[in-house]
Amino acid sequence: MVRARQATGPGAAAPIRTLPPQLPSLPSPDSLIALDHLCWLGSGRQVAARLGCNPSTISRKAESCSVSLGLLLRKRSGIWRLYGNGDLLQAERDLHQRYRLAGYGPLRLEICAELADPLSDPPHPAWCSGGQGHLTSRRPLELLEQRVIDAWLCSFCEELPSEENAFWRVLELASLPLLLLADARHPLGTPPSSEAADPAPLGDYPCLALPEDGQPRRQALLRRLGLVHHAQPLERYDAAKWDEPLHDGCTLRPGIAFDLHRHPGWQALPLPLAHEARIGLVLRHDLMEELPAQRLHQALQEWIAAALS
């Protein structure tokens, strides 16, 4: 920093004070909304379609927001992440969530993969839905903790980590039997005729599974039945890897009744798995009593009851 030479002696002018370097300006509300939507939805095209602009605008705003907060924005394995000291960003996110709760913007609901299509429009107008169909709890809980999203509709609440001092709570919605899903042509779902050969044992059919740390209770059940043949390294829903293999008429995978709603050409094999899949609304504990959260919970209860009736 260059300092001005100071005059000395009687009648000398007052010393010139040097100004501190100018701090970067805080991000605009629009730029933080663009950044958080990108972290949530993962795709600049999806964010642009939702916010009514083009992907290059989203990219520019998200980058501008991260730079103004001294952070580095990078995409790793399909997930946008921020690196650096995020204290100021978190303070901004806290404020934005309070505004959404006060009705100044739509609240954000992360949707599980099985319900993403029918609930693309949530059953309550104060909320908007989206997400990347996460099949593990890591990323949704991270987004919830950071207040990027306001709630998560989860279809595998029995798999959530049991933490005594967890920052989140679950509002229960439904408990459904876990099913072993297959194409309608699968031999184990067809009543054998006198001419037909006996079907092969259950363990001989290929079965899809998630990584061991994804949904451990379900994976352990499949292993006990001798069914884990094709572990898919999936963190997020991918129809090509999680649904389409069943079209061969032999492959199996675990699922719930809502999967059958999406795939009318599938069936549930007549094999009780003795495992209950819990569907619930996951919220930060400090939002449990907020009126918008309570209203969403009630609306989802009514929607699920009607869908399963």
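Residues numbered from 1 in each chain as written. Predicted model: local features only at pLDDT ≥ 70, side-chain atom pairs only at ≥ 80, totals over all residues. Heavy atoms only, no water.

Side note on unusual backbone geometry
Let me state the cut-off plainly: In DSSP terms, a helix is any run of H or I states spanning at least four residues, a strand is any run of E spanning at least two, and both are numbered starting from the N terminus. The rule is simple: take the accessible area with a 1.4 Å probe, protein chains only, and divide by the maximum for that residue type; under 20% is buried, over 50% is exposed, in between is partly exposed.
With a phi angle near 55 degrees, S77 is a residue other than glycine that sits in the positive phi range. Here S77 shows up in the loop between β1 (72–76) and β2 (79–83). The class of S77 is exposed, set by a relative accessible area of 68%. At A274, a residue that is not glycine, the phi angle is positive and equals roughly 55 degrees. Relative to the helices and strands, A274 is located in the loop between β11 (266–268) and β12 (276–284). Overall, A274 belongs to the exposed group, its relative accessible area being 82%.

Side note on the pattern of salt bridges
Our working definition: Just to be clear on terms, a salt bridge is a Lys or Arg side-chain nitrogen sitting within 4 Å of an Asp or Glu carboxyl oxygen.
As enumerated under the stated definition, the model contains 18 salt bridges in all. Notably, a salt bridge pairs D94 with R147, separated by 3.2 Å at the nearest N-O pair. Taken as a pair, D94 in helix α4 (residues 87–101) and R147 in the loop between α5 (138–145) and β5 (151–154) lie far apart in primary sequence, 53 residues in all. Of the charged contacts in the structure, one is a salt bridge between R185 and D183, with a shortest N-O distance of 2.7 Å. The structure contains a network of salt bridges with shared partners spanning D94, R147, R284 and D286.

Side note on the state of the cysteines
Here is the rule we go by: Note on terminology: pairs of cysteine sulfur atoms within 2.5 Å are recorded as disulfides.
Under the definition given, this model contains zero disulfides. The thiol sulfur of C112 is not disulfide-bonded, and the nearest other cysteine sulfur, from C154, lies at 6.9 Å.

Thoughts on the packing of helix α1 (residues 29–41) against α4
A pair of packed helices is characterised by two quantities: the angle between their axes and the separation of those axes. Put simply, the test is: Between N-to-C directions, angles span 0 to 180 degrees; the directions come from axes that are lines fitted to C-alpha atoms, helices contributing only their stretch in contact. Relative orientations are named as follows: roughly parallel for angles under 35 degrees, roughly antiparallel for angles over 145 degrees, roughly perpendicular for angles from 65 to 115 degrees, and oblique for any other angle. The contact criterion used throughout is that any non-hydrogen atoms of two residues lie within 4.5 Å. Think of it as three bins: nonpolar holds Ala, Val, Leu, Ile, Met, Phe, Trp, Tyr, Cys and Pro, charged holds Asp, Glu, Lys and Arg, and polar takes everything else, Gly as well.
The contact between α1 and α4 brings their axes to 11 Å, and the two run at 95 degrees. Put simply, α1 runs roughly perpendicular to α4. Residues P29, L32, I33, L35, D36 and C39 of α1 touch α4, and the partners they reach there are L89, E92, R93 and H96. Across the contact of α1 with α4, the residue classes break down as six nonpolar, one polar and three charged.

A few points about the packing of aromatic side chains
So the rule is basically this: Two aromatic rings from Phe, Tyr or Trp, using only the six-membered ring of Trp, form a pair when their centres are within 6.5 Å; if the ring planes differ by under 30 degrees the pair is stacked, by over 60 it is edge-to-face, and anything between is tilted.
Within this structure, the stated rule accounts for three aromatic pairs. Ring geometry for W152 against F156: centres 5.8 Å apart, planes inclined by 70 degrees, an arrangement best described as edge-to-face. An identical accessibility class is assigned to W152 and F156; each is buried. Between F258 and W303, the aromatic rings sit 5.9 Å apart at their centres with planes inclined by 15 degrees, giving stacked as the arrangement. Highlighted residues: F258 in helix α8 (residues 257–262) and W303 in helix α9 (residues 291–308), separated in sequence by 45 residues. The exposure class assigned to W303 is partly exposed, which follows from its relative accessible area of 22%.

Looking at the side chain of S31
Quick reminder of the rule: Distance and chemistry together define a polar contact, namely a pair of N or O atoms within 3.5 Å, with one atom able to donate a hydrogen and the other to accept it when in protein, and with adjacent residues in sequence counting only for side-chain atoms on both sides.
Structurally, S31 can be placed in helix α1. Engagement of the side chain of S31 in a polar contact is seen with the backbone oxygen of S28, the distance being 2.8 Å. Setting aside chain neighbours within four positions, we find S31 in contact with K61 and C65.

Thoughts on α9
Going by this rule: Any helix carries an expected span of 1.5 Å times its number of residues minus one.
The first and last C-alpha atoms of α9 sit 26 Å apart over 18 residues, in line with the 26 Å expected at 1.5 Å per residue. For α9, the complete set of buried residues consists of P292, A293, L296, H297, A299, L300 and I304.

Details of the confidence of the model for the chain
Condition: Residue-level confidence of the predictor is summarised by pLDDT, bounded by 0 at the bottom and 100 at the top.
When pLDDT is averaged across the chain, the result is 89; 89% of the residues are at 70 or more. Within the model, pLDDT remains below 50 along residues 1–7, and this stretch shows eight contacts once partners closer than five positions in the same chain are excluded.

Quick word on the nonpolar core
Generally speaking, a soluble globular protein has its nonpolar side chains buried in company with each other. Our working definition: By nonpolar core is meant a set of buried Ala, Val, Leu, Ile, Met, Phe, Trp, Tyr and Cys residues that side-chain atoms within 4.5 Å join together.
With 31 residues, the main nonpolar core has L35, W40, W152, C154, L160, W168 and V282 as its most contacted residues. Secondary structure elements with two or more residues in this core: α1, α2 (44–51), α3 (55–68), α5 and β5. W152 has contacts with L109, E110, T136, S137, P140, L141, L144, L160, G280, L281 and V282, leaving out every residue within four places of it along the chain. L109, L119, L176 and A277 belong to the second-largest nonpolar core, a separate cluster that totals 26 residues.

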